[in-house]
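Letter by letter, the chains look like this.
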Amino acid sequence: MKINRRGLALVMFLLMMLAQRAAFAQIPSTHWANDGYQYYKVQSGEIVVLDARDAAKKTVLLSKEMLTPQGGKAIAPFRFYLSADGQKVLIYTNAKQVWRYRTRGDYWVYDLSTKKLTQLGGKLPVSSLMFGKLSPDGSKVGYVSGHNIYVETLADNSIKQLTTDGTDKLINGTFDWVYEEEFFCRDGFRWSPDSKQIAYWQIDASKTKNYLMLNTTDSIYPFVKPVEYPIAGEAPSPFKVGVISAAGGSTKWMDIPTDAVLQSYVPRMEWAGNSSELIIEHMNRAQNHTEVMMLNVSSGKGSTIYQETDAAWIDILPEWESTYYYGGWNWFNKGKEFLWASEKDGWRHLYRISRDGKKEKLITKGNYDVMQINAIDELSGYVYFSASPDNATQKYLYRTKLDGSGKAERLTPLNEPGTHEYDVSPNGKAATHSFTNYYTQGVSEVVALPTHKTFSGEEQVQKAISASADAKAKSNVEFFQVKTEDGVTMDGWMQKPDNFDPTKKYPVVLYVYGEPWGQTVKDEYGINYNFMYTGDMAKDGYIYMSIDNRGTPVPKGREWRKSIYKGIGTTNVRDVAMGTRQLLKDRSYLDSSRVAVWGWSGGGSSTLNLMFQYGDIFKTGIAVAAVGNQLTYDNIYQERYTGVPVDAAGREAFTKGSPITYAKNLKGNLLYVHGTGDDNVHYTNAEQLINELVKYNKQFQLMLYPNRTHSISEGPGTGTHLHTMYTNYLRQYCPPGAR
């Protein structure tokens, strides 16, 4: 439910799918050098060194010739990493997809001192290595293959297999489907700072039931493809955390308490700033209580140093900050303190916590949410972060003192309203910067910080700013706020038709997501683009719009985001319905007889619930890959927001929010679309929904795409067929044009 998942707003999701965002958006795109100005990039198949201060300056670190093995073709770097001394470059190539991301491939090492290129992995299968990592001293590389952990010594390329019990069901150094999908846990091992040990997760999925997907297209005889998938109400796969010598031997398992029946989770684990202790985040099954534990790797014993409880749920750091997808724990003051993010005062803020957990200091202060941690510069005493205190549709760069003194300082220029992305160098001296808003196409530059003076790219940024007034005046997109009869004020955007006449009435098409993993109302260029529509909606005479209801992950504070607890399918759906009703009342040019809604995944679920619960408002709906029954979706996601359904009372909120509960109320025109090979929102949702609609003689249209996944993107002609069907259905049942 993140990238490629049910949790992303699908417009941006599929656009990113097309661009692939390097197919690995969570890996930082910039490798900054220690001086804070130079950085490394892959350009035209080579690894080069660029300088933020001089756009013309470029040094080739590894040329194509250097990346060409003897008698072979040049390898194409997909990602790369440098050793601490800068003498070795670990190169990841030939990447293959595992579930959502391309995490399985080949690794090579180029030694700059010997000018030698060497492939790692020995006789292990091609493209089977995962999460290759140089040891801190640069002498070894650890990786996972076939659910086991290996260490390769670079001096002689000798390989030591550390674990031997790995199988599809006993998983070492990586994770099962649901940990990956919902906690972003993929890389499951960590080098100790002294390069002598490896700490790792082991997941026992032997008792996790399989969802049996039926492949009916790849052979004459259909075959079953099992996917381990714990649905809501099913216990998660038990975990272990262990430490093993890099030279081999037995694993020392850590003593982490868990509920024998309900189980629990460890979504974060790192070395605790030394080679003798681990620090973990341990969560209960309901994900509303978290404890930070310090573990002694020699004895395996641990103690809780810090804990939090929330009436709804607790978000772990990687759930909102993508730079922590592959681990990380920020230590200060020579390991005496660490960074912690919490919503306990009503806003998402950063704290310094002492190593024993007895002292804490609020770093960021005020009525705003930290949206991203851009950089931590302990030497200068600043943390750089993104926030938008005054407009939840936008994003800006700030910095504040790490000791919690003073106020946050906005670094983004005031004359650039919109959404800003920064990749800040570790010492805060420079940053790559991109900027957009709904009337300004994306522009980028390299800037000095904190002055925000442009090093390179100033011309295009200034040109965009100069043209912004005219562009804004010509835009047919309007950002607005609507207040419902329940007193809820929501942000929205609306694209009006070309040659708009406010005295006439126009059909309305509402794009919806509505769950905790999708914000659809962002001040970004192209936010109003409907990739599913094959024509021009504005030219054809549609009003296209979207609203962000309570529960969506916008920076409006804890209460806004968590008011949806046990209310997915009810609270969020009512907000959208009441917001739409108010707009129909306030704006006479919205044709209440022609109101359509569409969404994908969680947005598909919202579409179904809006059609079934508020059929007086929504006359036409197109739902794609929707969860029809919340009890079919995975436990980590659904239980986080709805509770643990261990009894009838616990299942009540799941039933109350599920579209199948209200299918009997369908009044309007419904098109339902699903891929039979969807490993995320399983096809069983479609069949359960179909059964309910048939039971009550509710007529609808159905399109099933054989063996397509959640993105419904595989196979020749699939995208064109889907978009054509969507467009034809919309035009037929919600006719375009003014009346």
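Bear in mind the structure is a predicted one, so any value in this text is a computation, not a measurement. (Residues numbered from 1 in each chain as written. Predicted model: local features only at pLDDT ≥ 70, side-chain atom pairs only at ≥ 80, totals over all residues. Heavy atoms only, no water.)

Caption draft 1: Just the overall build of the chain, in detail. Counting its secondary structure elements, the chain contains eleven helices and 43 strands. The C-alpha radius of gyration computed for the chain amounts to 26 Å, which stays within 12% of the reference 27 Å derived for 739 residues, consistent with globular compactness. By sequence separation, contacts in the chain at least 24 residues apart represent 59% of the contacts at least 6 residues apart. Averaging the coordinates of the 82 positive side-chain charges in the chain and doing the same for the 78 negative ones gives two points 1 Å apart. (Helix = DSSP H or I, 4+ residues; strand = E, 2+ residues; numbered from the N terminus. Rg over C-alpha atoms; globule rule 2.2 N^0.38 Å. Contact = heavy atoms within 4.5 Å. Lys, Arg positive; Asp, Glu negative; His and termini not counted. Charge placed at Lys NZ, Arg CZ, Asp CG, Glu CD.)

Caption draft 2: Representation of helix α3 (residues 458-474). Its 17 residues give α3 an end-to-end C-alpha distance of 24 Å, which sits within 8% of 24 Å, the value for a rise of 1.5 Å per residue. Maximum bend of α3: about 50°, positioned at Ser 468. Those residues of α3 not exposed but buried are Val 461, Ala 464, Ile 465 and Ser 468. Those residues of α3 hidden inside the fold are in contact with β34 (440-448). (Expected span 1.5 Å × (residues − 1). Bend = angle between axes of the 7 residues up to and from the residue. Buried < 20%, exposed > 50% of the residue type's maximum accessible area, 1.4 Å probe, protein only.)

Caption draft 3: Quick peek at a nonpolar patch on the surface. Nonpolar side chains collect at one region of the surface, where Leu 212, Leu 214 and Val 224 lie side by side and expose about 280 Å² of accessible area between them. By the element assignment, Leu 214 lies in strand β16 (residues 210-215). (Patch = residues over 30% accessible without salt bridge, like charges linked within 9 Å, V, L, I, M, F, W, Y side chains within 5 Å. Areas by Shrake-Rupley, 256 points an atom, 1.4 Å probe, with all protein chains shown as cover. Salt bridge = Lys/Arg side-chain N within 4 Å of Asp/Glu carboxyl O.)

Caption draft 4: The nonpolar core, seen in detail. Membership of the largest hydrophobic core comes to 58 residues, with the highest contact counts inside it found for Tyr 179, Phe 189, Ile 198, Val 241, Ile 256 and Leu 278. Broken down by element, the residue count for this core peaks at five residues, all from strand β15 (residues 197-204). Among the nonpolar cores identified, the runner-up in size contains 44 residues, and Phe 480, Leu 584, Tyr 589 and Phe 618 belong to it. (Core = buried A, V, L, I, M, F, W, Y, C linked by side-chain atoms within 4.5 Å.)

Caption draft 5: Spatial organisation of the packing of helix α6 (residues 571-586) against helix α7 (residues 602-613). At their nearest, the axes of α6 and α7 sit 10 Å apart, and the two run at 65° to each other. Between α6 and α7, the crossing angle belongs to the class labelled roughly perpendicular. Here α6 and α7 pass one another in a crossing that is right-handed. Listed contacts from α7 to Asn 572, Val 573, Val 576 and Ala 577 of α6 are Ser 606, Asn 609, Leu 610 and Gln 613. Taken together, the residues that form the contact of α6 with α7 break down as four nonpolar, four polar and no charged. (Axes fitted to C-alpha atoms, helices over the stretch in contact; angles between N-to-C directions. Parallel < 35°, antiparallel > 145°, perpendicular 65-115°, else oblique. Left-handed = near helix turned anticlockwise from the far one by under 90°. Nonpolar A, V, L, I, M, F, W, Y, C, P; charged D, E, K, R; others polar.)

Caption draft 6: Spotlight on the domain arrangement of the chain. When its domains are assigned, the chain resolves into domain 1 (64-160), domain 2 (162-206 + 232-316), domain 3 (319-463) and domain 4 (477-733). Put simply, the middle of domain 3 and the middle of domain 4, counted by C-alpha atoms, are 33 Å apart. Contacts between the two partners involve 18 residues from domain 3 and, on the opposite side, 18 residues from domain 4. A combined buried area of about 1700 Å² lies between domain 3 and domain 4, and 53% of that area is made up of carbon and sulfur atoms. Summed over the three residues of domain 3 that lose the most area to domain 4, namely Ala 392, Thr 393 and Tyr 438, the buried surface amounts to 39% of that side. The interface formed by domain 3 and domain 4 holds four salt bridges in total. One salt bridge in this structure joins Lys 562 and Glu 343, with 2.6 Å as the shortest N-O distance. Where domain 3 touches domain 4, the interface holds 14 residue pairs in polar contact (both at pLDDT 80 or more). Considered class by class, the residues forming the side of domain 3 that touches domain 4 number five nonpolar, nine polar and four charged. (Domains from an automatic or database assignment. Buried area = accessible area lost by both parts, 1.4 Å probe. Polar contact = N/O pair within 3.5 Å; in protein donor to acceptor, adjacent residues only side chain to side chain.)

Caption draft 7: A look at the pairing of strand β9 (residues 130-134). A large share of β9 lies buried, amounting to five of its five residues. Relative to strand β10 (residues 140-145), β9 runs antiparallel, the two being bridged by three bridges. Following the sheet pairing, Lys 133 is matched in β10 by Gly 142. Between β9 and β10, which pair antiparallel one after the other, the connecting turn spans five residues, and Gly 138 there sits at a positive phi close to 75°. (Pairing = 2+ DSSP bridges.)

Caption draft 8: Representation of the UniProt feature "domain: Dipeptidylpeptidase IV N-terminal" (unreviewed entry) in the chain in the model. Taken from the UniProt record, the annotation "domain: Dipeptidylpeptidase IV N-terminal" (unreviewed entry) applies to residues 83-437. Secondary structure content for residues 83-437 is 2% helix and 46% strand, while the C-alpha to C-alpha distance between its ends is 38 Å. (UniProt positions renumbered as here; feature names shortened; annotations may be inferred.)

Caption draft 9: Up close: the environment of Lys 698. Along the chain, Lys 698 turns up in the loop between α10 (684-695) and β43 (701-705). Each C-alpha atom of the pair Lys 698 and Ala 623 lies 16 Å from the other, and the pair is 75 residues apart in sequence. Residues contacting Lys 698, with those up to four places away along its chain left out, are Ala 663, Lys 664, Leu 666 and Leu 693. Reaching out from Lys 698, the side chain makes a polar contact with the backbone oxygen of Lys 664 at a distance of 3.3 Å.

Caption draft 10: Quick look at the sheet that holds strand β4 (residues 54-62). Here we have four strands laid out as an open sheet, ordered β1-β2-β3-β4, and antiparallel in their pairing. If you trace the sheet from one side to the other, it starts and ends with β1 (31-32) and β4, each paired once. Pairing analysis gives five bridges linking strand β3 (residues 46-51) to β4, with the strands arranged antiparallel. Bridging from a neighbouring strand, Val 48 pairs with Val 60 of β4.

Caption draft 11: Representation of the side chain of Ser 275 within the structure. Secondary-structure assignment places Ser 275 in the loop between β20 (264-271) and β21 (277-284). Residue Ser 275 is classed as buried on the basis of its relative accessible area of 19%. Reaching out from Ser 275, the side chain makes a polar contact with the backbone nitrogen of Asp 194 at a distance of 3.0 Å. If we skip the residues at most four places from it in the chain, Ser 275 touches Ser 192, Pro 193, Asp 194, Gln 197 and Val 297.

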